[in-house]
Amino acid sequence: MEKNLAKTYNPKDFEDRIYQSWEENKAFHAEVDRDKKPFTIVMPPPNITGQLHMGHALDQTLQDVLTRWKRMQGYSALWLPGTDHASIATEVKVVEKIRKEEGKSKEDLGREEFLKRAWDWKREFGGRINKQIRKLGSSCDWDRERFTMDEGCNKAVVEHFIRLYNKGLIYKGHRIINWCPVCGTSLSDAEVEHEDKNGKYWYFRYPAADGGEGIVVATSRPETMFGDVAIAVHPSDERYQDMVGKKVILPLVGREIPIIADSYPDPEKGTGAVKITPSHDPNDFEVGQRHNLEQLSCINPDATMNELAGKYQGMDRYECRKAWVNDLEAAGYLVKIEEKVIPTGECYRCHNVIEPMISDQWFVAMEELAKPAIEVAKNGTLTHVPDRFEKIYLNWLEDIRDWCISRQLWWGHRIPAYYCDDCGEMVVAAEMPKTCPKCGGTHFHQDEDVLDTWFSSALWPFSTLGWPEKTEELDYFYPTDVLVTGYDIIFFWVVRMVFSGLEEMGESPFKYVYVHGLVRDAEGRKMSKSLGNGIDPLEIIDQYGADALRFMLLSGITAGNDMRFKMDKLESARNFANKLWNASRFTIMNLQDEEGNFRPMADAADGIETLALKDEDKWILSTINSAVAEITANLDKFELSLAAQKIYELIWNEFCDWYIELVKARLYGDDEEDKKVCRCVLVKALKDMLKLLHPFMPFITEEIWSFLPKEENAAQFLMKESWPVYSEALRFPEEEAKLNTAMDAIRAVRNIRAEVDAAPSRKLHAVILATGKEAGYMADGCHFLKNIANISEITFIDSKDQVPDEVMSAVMNNVEIYVPLDDLLDYKAELERLQKEKARLEGEVKRTAGKLSNESFVSKAPEKVVNAEREKLAKYEDMLAKIIERLPIVEAKVK
RNA sequence: GGGCGAUUAGCUCAGCUGGUUAGAGCGCUUGCUCGACAAGCAAGAGGUCGUUGGUUCGAGUCCAAUACCGCCCACCA
């Protein structure tokens, strides 16, 4: 067994091994534990249509960060995984597969055989998706994995359906719905995408039945004219008032239809007269209802014309349109054509134009269900992050129409309605009835249709916890805490979960909805199969590791906004992992002797703050301590990206760049007791940082953790360790100030060195003039200058007179540093530097003094702010004075 | 037609309730193989925060208008 980390960071060496070890030890399993508070996230179940894309990777990462963090905080954290049967999407894929491989249609196979193939598909792709989720490091509870069509979910769906039906909230209706002629099914309003297309208005004359001029109407879909049953005009439209009640003739068809008055037509649009086709237009449907008009369908489900279209029967709707318009024109009925942008509805799956049709479908009555869902958002029980999505959520609910839930498909939850073969009586029940309540018949057949896939996903937050049974899990884990999802499925899913949860459970299914954006490609385009610009998360993981991918996805994002997938960001995340890896290697190296055994450390049983800590020890502990508070606060507010940013800075800029460099001299020195303290601080610091980083980069942190010395009561895994908490005992403001002064001095010397091109290996002398409390800071901290700025000798002086002749200088707050450089002196460079500094300080003094001379600033701004401004002014004035003093000396040297 | 987001360094983006000199990554310049790390170290350059007004002692941050880009919704005569 290796005792230290490998020389280079290679995530492939350990990511799979670690995940396996977590899983074997059931580290993700969450139990009902009444001593703990529950934290619950149900995973948005990926469709079993294919494989995970970058959007899933982001979605997963966000949820995993939250879950791991809460678990470390001591919650019984359940992240419940699963997949979605995705009725229509999967059916399309399976049909395609069968067609390709066997040359058969689903009808050739028959329902039963087709479903077998679909289940085979589910096993193959469901399994693939689960592997991908594991690769990402998701800490979900696999013991509780669910599928939207498993037995329990099916039971929940049937139960829910029956309950709503019995309450009158589900009904079967002969109504106008969105029909996709290609998918061969009805669709809900949410499944129709709107697109503006270039089209035309054709103006046709409908001659009056009594031989008069008749009326001209515009239409963008002339092929629906065969279904016209009336012409409507607005009752106040004076142009047509005397025509209301009269009849016109449907051109070429010869059928007489009435002119009616209705509020629907807009006198400003078209000719103000509208042809009414209740079977093929939702508005016309309603006009038809109001006026008791006949419903004449002229288009078949496959978008060909039916017998009503006469000689056009059998033609495709668009072929018919062309021929029909030609014929009307030839006959002189065409008045004019107008180019127009026509808003068109398309199927969200196949992007073919939707045809509104009348048919028998099942609906959920939305009005009553929507009310409580609106209420929970308004009263704050349900919070959207960011909150602007609440408006979108509310707008949709407030405008909602009844939800068409039946689909003419095979793959899905079959509608639990049965019809008596003898009398046709319908019974809604969990199982096929034995006898008909009406005629006593004993033969039934089940409704052929299946349910909208979203009908089952709407129940996901409670069906997965055992509903309709009253399980312990349901009682404990429901309602869930946060739902993480993309903004693209708010309507499909979030809204429906809320009203369904409220209906069945009486409580909103979650307290927060965290909405994230899309992952786009480097050019900002949506990743899509047709563009071929998708990036496979698995390939990225293979190359850079899951931790780098996760960290990259989280860096620099804000809730609800899209992000771009940039390779340089990914590399940066990987480099960060490598940095941590090496810093950890350094730490472990210094903990161990040549044999790899841990050397003795100071006993920190009474708290690390009780040890003989040096200033830099207190500084790093204090810095980490503040970061703990900040990062926790960020996570509390769902600011995951800011939290990630802070832990990055803490590890790289504070720990690696400064602390490690500051303590090297001690570690390589010979004060054994001090070394023990130093090791102790190193381990403590590293461990705390690993814990803070763990939710973001679970693999590397767990791997490093396994190499560190553990306390007796340590958890088996880092992932089971407790989240660090802020401690007042670890707050060292004095040491922070001291170290900041030392660091400024180091930077100043390095700057001079760079300015004159002095090799880093060249040892320099420094003369320091320090006053105020900085005098003490520099006295205590000057050894750092020696160690990491390569200063071999330091002379403290207490007056300007003692400044040597040939020097470069740096002025800081209460500290002046002079570096004698005899052969290398570059006064010209220093003069430039001083002049630049002078200009900067003059600007600062002017700005600060200006502020302070403003009467209303001094009287109105908080005292704290004013005092800070005063201190600033004093500091800048002092520094400026010193620069001005120094300038003529340097100027003289330049000459 | 309605609504929303974005506009900050060459590029991609952070910037939470208004208060030090507006930050990061990448890129760029210069110099470094000194016992964790060249996937690195050090020192730098680079921004009048889209525009115009307003509120305020104080605005990248709040308000209004405007421009450009993008997105969502809407019953398609």
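The sections below set out a description of the structure shown in this document. Treat the numbers as computed from the prediction; the structure is a model and nothing was measured.

### A word on the overall build of chain A
Counting secondary structure elements, chain A contains 26 helices and 29 strands. Taking 2.2 N^0.38 as the reference for a compact globule, 895 residues should give roughly 29 Å; the C-alpha atoms of chain A span a radius of gyration of 37 Å, well beyond that estimate. Out of the 895 residues in chain A, the part that is buried amounts to 54%. A fraction of 77% describes how many contacts in chain A between residues 6 or more apart in sequence connect residues 24 or more apart. When the accessible area of chain A is evaluated, it comes to approximately 39,800 Å², of which 47% is carbon and sulfur surface.

### A look at the pattern of salt bridges
Close approach of charged atoms allows side chains of opposite charge to pair. Within this structure, the stated rule accounts for 78 salt bridges. Among the ionic pairs, Lys 197 bridges to Glu 346, the shortest N-O distance being 3.3 Å. Of this pair, Lys 197 sits in strand E7 (residues 192-206) while Glu 346 sits in strand E13 (residues 334-347), placing them 149 residues apart in sequence.

### Quick look at the state of the cysteines
Overall, the coordinates contain 0 disulfides when judged by the stated rule. Between Cys 180, a cysteine without a disulfide, and Cys 350, which holds the nearest cysteine sulfur, the sulfur-to-sulfur distance is 3.4 Å. Here Cys 298 is not cross-linked by a disulfide; its sulfur's nearest cysteine counterpart is in Cys 320, at 7.7 Å.

### Remarks on the packing of aromatic side chains
Considering all chains together, one arrives at 38 aromatic pairs under this definition. Ring plane angle 10° and centroid distance 6.2 Å describe the contact between Phe 389 and Tyr 487, whose orientation is recorded as stacked. Placement of the pair is Phe 389 in helix H10 (residues 388-398) and Tyr 487 in the loop between strand E22 (480-486) and helix H14 (490-505), with a sequence separation of 98 residues. When its relative accessible area of 5% is taken as the criterion, Phe 389 is described as buried. On the basis of an interplanar angle of 40° and a centroid distance of 5.1 Å, the ring pair of Phe 551 and Phe 576 is categorised as tilted. Highlighted residues: Phe 551 in helix H16 (residues 546-554) and Phe 576 in helix H17 (residues 567-591), separated in sequence by 25 residues. Taken together, the aromatic side chains of Phe 161, Tyr 165, Trp 362, Trp 403, Phe 455 and Phe 499 make up a single cluster linked through ring pairs. Positioned above the aromatic ring of Trp 410 is the side chain of Lys 106, whose terminal nitrogen or guanidinium carbon lies 4.7 Å from the ring centre.

### Some points on the packing of helix H24 (residues 827-853) against helix H26 (residues 863-894)
At a closest axis distance of 8 Å, the pairing of H24 and H26 adopts a crossing angle of 150°. Classified by the angle between their axes, H24 and H26 sit roughly antiparallel to one another. The two elements H24 and H26 meet at a crossing, and its hand is left-handed. Here the contact of H24 with H26 is built from residues that sort into 17 nonpolar, 2 polar and 15 charged.

### Quick notes on the nonpolar core
Membership of the largest hydrophobic core comes to 157 residues, with the highest contact counts inside it found for Leu 549, Leu 553, Phe 565, Phe 655 and Leu 785. Tallying contributions element by element places helix H19 (residues 640-667) first for this core, with 14 residues. Discounting chain neighbours no more than four positions away, the residues touching Phe 565 are Met 54, Val 519, Arg 520, Asp 521, Ala 522, Met 527, Ile 535, Ile 540, Leu 549, Met 552, Leu 553 and Leu 570. In this structure, Phe 161, Ile 162, Ala 373 and Tyr 393 belong to the second largest nonpolar core, which totals 71 residues.

### Here's the deal with helix H23 (residues 773-788)
It helps to recall that an α-helix has 3.6 residues per turn; residues three or four apart then point in one direction. For H23, which comprises 16 residues, the first-to-last C-alpha distance of 23 Å matches the rise-based estimate of 22 Å (1.5 Å per residue) to within 8%. The sharpest bend along H23 reaches about 45° and sits at Asp 780. All buried positions along H23 are accounted for by Glu 774, Tyr 777, Met 778, Gly 781, Cys 782, Phe 784, Leu 785 and Ile 788. Tucked into the core, H23 has its buried residues touching helix H18 (615-636), H19, helix H22 (733-755), strand E26 (764-770), strand E27 (791-797) and strand E29 (815-820). Two residues or fewer after H23 comes Asn 790, characterised by a positive phi angle close to 55°.

### Side note on the sheet that holds E29
Pairing between the strands of a sheet is mediated by backbone hydrogen bonds and can be parallel or antiparallel. On the basis of which strands lie adjacent, the open sheet formed by 4 strands has the order E27-E26-E29-E28 and mixed pairing. Lying at the two open borders of the sheet, with one neighbouring strand each, are E27 and strand E28 (807-812). Strand-to-strand, the axes of this sheet are offset by a mean angle of 20°, without reference to chain direction. This element, H26, spans E28 and E29 of the sheet and lies at about 165° to E28.

### Describing the sheet that holds strand E5 (residues 170-180)
Taken in spatial order, the 4 strands of this open sheet run E6-E5-E14-E16, and their pairing is antiparallel. Taken across any chain shown, the strands that pair with only one partner, and hence form the sheet edges, are strand E6 (185-187) and strand E16 (403-404). Two elements, E5 and E6, share 3 bridges in a ladder whose sense is antiparallel. Residue pairing for E6: Cys 180 is matched across the bridge by Thr 185.

### Concerning the protein's contact with RNA strand B
Ala 218, Asn 283, Asn 751, Arg 847 and Lys 860 are the nearest of the 67 residues found near RNA strand B. Within 4 Å of the protein, the contacting atoms of RNA strand B are drawn from sugar and phosphate to the extent of 68%. Within the side chain of His 194, an N or O atom sits 3.2 Å from a phosphate oxygen of RNA strand B. Take Pro 343: an N or O atom from its main chain is 2.3 Å from a base oxygen of RNA strand B. At 11 residues, H17 tops the list of elements feeding residues into the surface near RNA strand B. For the surface near RNA strand B, a count of residues per class yields 25 nonpolar, 17 polar and 25 charged.

### Observations regarding the pairing of E26
Each regular strand shows side chains that alternate between the opposite faces of the sheet. In terms of burial, E26 is a largely internal element, 6 of the 7 residues being buried. Where E26 lies against E29, 4 bridges are found, and the strand directions are antiparallel. If you follow Val 767 over to E29, its bridge partner there is Tyr 818.

### So, H22
Taking 1.5 Å as the rise per residue, H22 with 23 residues should run 33 Å; its terminal C-alpha atoms sit 33 Å apart, in good agreement. Every buried residue of H22 is accounted for by Glu 735, Lys 738, Leu 739, Thr 741, Ala 742, Met 743, Ala 745, Ile 746, Ala 748, Val 749, Ile 752 and Arg 753. Once H22 ends, the next one or two residues include Asp 757, with phi positive near 65°.

### A few points about the environment of Ala 748
Checked against the element boundaries, Ala 748 lands in helix H22. The class of Ala 748 is buried, set by a relative accessible area of 13%. When the C-alpha atoms of Ala 748 and Gly 245 are compared, they prove to be 95 Å apart, with 503 residues separating the residues in sequence. Contact partners of Ala 748, with chain neighbours within four places excluded, come to Ala 810 and Met 812.

### Describing unusual backbone geometry
A cis amide bond, omega 10°, links Trp 467 with the succeeding residue Pro 468. Locating Pro 468 in the fold gives a position in the loop between helix H12 (460-463) and helix H13 (472-477). The amide bond that connects Tyr 478 to the next residue, Pro 479, takes the cis arrangement and shows omega of -5°. Its location among the elements puts Pro 479 in the loop between H13 and E22. Residue Lys 26 is not a glycine yet carries a positive backbone phi of 55°. By the secondary structure assignment, Lys 26 is in the loop between helix H1 (15-24) and strand E1 (38-42). For His 351, which is not glycine, the phi torsion reads 60° and is therefore positive. Here His 351 lies in the loop between E13 and strand E14 (355-364). The exposure class of His 351 is partly exposed, given its relative accessible area of 42%.

How each quantity is defined
- Residues numbered from 1 in each chain as written.
- Chains lettered and ligands numbered in written order.
- Predicted model: local features only at pLDDT ≥ 70, side-chain atom pairs only at ≥ 80, totals over all residues.
- Heavy atoms only, no water.
- Helix = DSSP H or I, 4+ residues; strand = E, 2+ residues; numbered from the N terminus.
- Rg over C-alpha atoms; globule rule 2.2 N^0.38 Å.
- Buried < 20%, exposed > 50% of the residue type's maximum accessible area, 1.4 Å probe, protein only.
- Contact = heavy atoms within 4.5 Å.
- Areas by Shrake-Rupley, 256 points an atom, 1.4 Å probe, with all protein chains shown as cover.
- Salt bridge = Lys/Arg side-chain N within 4 Å of Asp/Glu carboxyl O.
- Disulfide = S-S within 2.5 Å.
- Phe/Tyr/Trp six-rings, centres within 6.5 Å; stacked < 30°, edge-to-face > 60°.
- Lys NZ or Arg CZ within 6 Å of the ring centre and 35° of its normal.
- Axes fitted to C-alpha atoms, helices over the stretch in contact; angles between N-to-C directions.
- Parallel < 35°, antiparallel > 145°, perpendicular 65-115°, else oblique.
- Left-handed = near helix turned anticlockwise from the far one by under 90°.
- Nonpolar A, V, L, I, M, F, W, Y, C, P; charged D, E, K, R; others polar.
- Core = buried A, V, L, I, M, F, W, Y, C linked by side-chain atoms within 4.5 Å.
- Expected span 1.5 Å × (residues − 1).
- Bend = angle between axes of the 7 residues up to and from the residue.
- Pairing = 2+ DSSP bridges.
- Near = heavy atom within 4 Å.
- Polar contact = N/O pair within 3.5 Å; in protein donor to acceptor, adjacent residues only side chain to side chain.

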